[in-house]
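Close look at the chain arrangement
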Amino acid sequence: MSARLFLFVLLLAATLASAIAVVHTRHEHRQRFVELSRLERERDELNIEFGRLQLEQATWAETNRIEQIARARLGMQAPQGKSLVVVKP
């Protein structure tokens, strides 16, 4: 009977260890899922910001904007017809 009791205690311990492992694994899975969701939201926000920056970069490179900045901030003026020289390569 002692062998049966030992076997019962051993199976009970194995069952408890398995149950604890399952609970721990599920908890870890939930944590990883929450982290993944957070990272996906952050990725989406960064993609939106990247799109905004691309649009801003495109507007900064427009010749009209550059000309406005040159006139307003630097006091530059477009050259007149007589002072314009075309250099051919």
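Anything mentioned here points back to the structure above.
So, here's what we can say about the structure. (Residues numbered from 1 in each chain as written. Predicted model: local features only at pLDDT ≥ 70, side-chain atom pairs only at ≥ 80, totals over all residues. Heavy atoms only, no water.)

Each helix and strand counted, the protein has 2 helices and 0 strands in total. Against the globule reference of 12 Å for 89 residues, the protein gives a C-alpha radius of gyration of 35 Å, more extended than a compact globule. Along the three orthogonal principal directions, the C-alpha set of the protein runs to about 115 × 30 × 15 Å. Per-residue burial over the protein gives 1% buried out of 89 residues. Of the accessible surface of the protein, which amounts to about 8900 Å², a share of 64% is contributed by carbon and sulfur atoms. For the protein, the separation between the mean place of its 13 positive charges and that of its 10 negative charges on side chains is 1 Å. (Helix = DSSP H or I, 4+ residues; strand = E, 2+ residues; numbered from the N terminus. Rg over C-alpha atoms; globule rule 2.2 N^0.38 Å. Buried < 20%, exposed > 50% of the residue type's maximum accessible area, 1.4 Å probe, protein only. Areas by Shrake-Rupley, 256 points an atom, 1.4 Å probe, with all protein chains shown as cover. Lys, Arg positive; Asp, Glu negative; His and termini not counted. Charge placed at Lys NZ, Arg CZ, Asp CG, Glu CD.)

What follows covers the environment of A72. Looking at the element boundaries, A72 is found in helix 2 (residues 63-72). Residue classification places A72 among the exposed positions, given a relative accessible area of 66%. Expressed as a C-alpha distance, the spacing of A72 and L5, which sit 67 residues apart in the sequence, is 93 Å.

Taken together, the side chains of L5, F8, V9, L12 and L16 define a hydrophobic patch exposed on the protein surface, amounting to about 500 Å² of accessible area. A relative accessible area of 52% means that F8 is categorised as exposed. (Patch = residues over 30% accessible without salt bridge, like charges linked within 9 Å, V, L, I, M, F, W, Y side chains within 5 Å. Salt bridge = Lys/Arg side-chain N within 4 Å of Asp/Glu carboxyl O.)

The next point concerns the environment of A58. Tracing the sequence through the fold places A58 in helix 1 (residues 2-60). Spatially, the C-alpha atoms of A58 and A3 are 81 Å apart, while their sequence positions differ by 55 residues.

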